[in-house]
Amino acid sequence: MRKKIVAGNWKMNLTLAQGEQLINDILQAGLKLQDGQEVVVATPFPYLLKAKSLLKNNPGFYLAAQNVASEKSGAYTGEVSAEMLKSVGVDYVIIGHSERREYFLESNAALAKKIDLSLANGLKPIFCCGEPLEIRKAETQNDYVAKQLEESLYHLSAEQLKDVVIAYEPIWAIGTGLTASAGQAQDMHAFIRSQIAAKYGREAALHVSILYGGSAKPSNAEELFASPDVDGGLIGGASLVAADFVAIIQKLA
Ligand code: PEP
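Fair warning: this is a prediction, and the values are worked out from it, not measured in the lab.

1. Side note on the overall build of the chain
- Scanning the chain from terminus to terminus reveals 12 helices and 8 strands.
- The C-alpha atoms of the chain give 17 Å as radius of gyration, which agrees with the globular expectation for 253 residues (18 Å, within 12%).
- For the chain, the spread of C-alpha atoms along the principal axes amounts to about 45 × 45 × 35 Å.
- For the chain, long-range pairs separated by at least 24 residues make up 72% of all intrachain contacts whose partners lie at least 6 apart in sequence.

2. Overview of the sheet that holds strand β4 (residues 92-95)
- Spatially, 8 strands are ordered β1-β2-β3-β4-β5-β6-β7-β8 in a closed barrel, and the strand pairing comes out parallel. Strand-to-strand twist across the sheet, computed as the mean angle between neighbouring axes with direction ignored, equals 25°.

3. Some details on the site of the ligand
- Around the ligand sit 13 residues, and of these Ile174, Gly213, Ser215, Gly236 and Gly237 come closest.
- Of the residues contributing to the shell around the ligand, the split by class is 5 nonpolar, 7 polar and 1 charged.

4. Topic: the UniProt feature "binding site: substrate" (unreviewed entry) in the chain
- When the UniProt feature table is mapped to this numbering, "binding site: substrate" (unreviewed entry) covers Asn9, Trp10, Lys11, Gly175, Ser215, Gly236 and Gly237. In terms of the greatest pairwise C-alpha distance, the residues named above, spread along 229 residues, form a tight cluster of at most 14.0 Å across.
- With respect to the helices and strands, asparagine 9 occurs in strand β1 (residues 4-9).
- Judged by the 26 C-beta atoms lying within 10 Å of it, asparagine 9 is buried.
- Contacts of asparagine 9, omitting those with residues within four sequence positions, involve Ala42, Gln66, Ile94, Leu234, Ile235, Gly236 and Ser239.
- Mapped onto the fold, tryptophan 10 is located in the loop between β1 and α1 (16-27).
- Looking at tryptophan 10, the number of C-beta atoms within 10 Å reads 22, which means it is buried.

5. Quick word on helix α7 (residues 141-153)
- Between its terminal C-alpha atoms α7 stretches 18 Å, which fits the 18 Å expected from 13 residues at 1.5 Å a residue.
- Turning to α7, its buried residues number three or more, namely Gln141, Val145, Gln148, Ser152 and Leu153. On an axial view of α7, the arc spanned by its buried residues comes to 85°, and they lie on one face. α7 presents Asp143 and Lys147 as exposed residues on the side facing more than 90 degrees away from its buried surface.
- Buried residues in α7 make contact with α5 (108-120), β5 (124-129), α6 (133-137) and α9 (182-200).

6. A few points about the UniProt feature "active site" (unreviewed entry) in the chain
- Look at the UniProt record and you will see "active site" (unreviewed entry) annotated at His97 and Glu169. Separation in sequence by 73 residues is not matched in space for these annotated residues, since their most distant C-alpha atoms are only 8.3 Å apart.
- Its place among the elements puts glutamate 169 in the loop between β6 (165-168) and α9.
- Accessibility expressed as a C-beta count within 10 Å gives 27 for glutamate 169, which makes it buried.
- Among residues more than four places away in sequence, those in contact with glutamate 169 are Ser98, Cys128, Gly130, Ile174, Gly213, Gly214 and Leu234.

About the cut-offs
- Residues numbered from 1 in each chain as written.
- Predicted model: local features only at pLDDT ≥ 70, side-chain atom pairs only at ≥ 80, totals over all residues.
- Helix = DSSP H or I, 4+ residues; strand = E, 2+ residues; numbered from the N terminus.
- Rg over C-alpha atoms; globule rule 2.2 N^0.38 Å.
- Contact = placed C-beta atoms within 7 Å.
- Pairing = 2+ DSSP bridges.
- Axes fitted to C-alpha atoms, helices over the stretch in contact; angles between N-to-C directions.
- Near = placed C-beta within 6 Å.
- Nonpolar A, V, L, I, M, F, W, Y, C, P; charged D, E, K, R; others polar.
- UniProt positions renumbered as here; feature names shortened; annotations may be inferred.
- Buried ≥ 20, exposed ≤ 12 C-beta atoms within 10 Å, placed from the backbone.
- Expected span 1.5 Å × (residues − 1).
- Arc of directions from axis to C-beta.

Quick look at the structure:
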């Protein structure tokens, strides 16, 4: 059975005190996670150690970084390596978020290097893919996403792929209030799973968790998560409000 995951991406928001409060509020909400359900919190780098200390004795709760360097170590001022993230207790790392692709010009090839270094250091990548609006309008989103998968993931072995989570995040839905319909999300998730099956076989495809991201909120999470190929969500804005994030987690099937 594949994991069902709700991951919160705080992006560049909150002070340390606000982040601490948010995690404490989530932990105190009395969530009863079922077997195979996970909650992931992706904090800014400076808060990772503190967040780990808050999350660590709570089964089902995991820590993520929002980015990782594409180089192993050395003279890369301002970068944070996979080995460093592992050393402070990080479990997951978001790779290829559309904001990183757009504002920091991260290429599919650079993302492939980040994935390799993450896996080599025992971190699980949450690999983001998804099309911009003009591609959706031209109805070429499947080709677009297939290329992202091919160029950043398909060099991995089937064994390595087991530690990768995929997040489908249509760029036109991120932070815009526009959400993909449950039908649009399901269609793309089923397409992604079919691509993984074609490359790695049916077993591998059935095992990979595919999260939806893009203006998910308590009011639409249930319908999105009810789709058979949607295994949870990567949540931006709504992960900053404990009550909303908790309500979304409670919609996991
Ligand atoms: C995200 O940044 O990954 C995201 C899905 O953001 P939002 O939920 O705010 O659209």
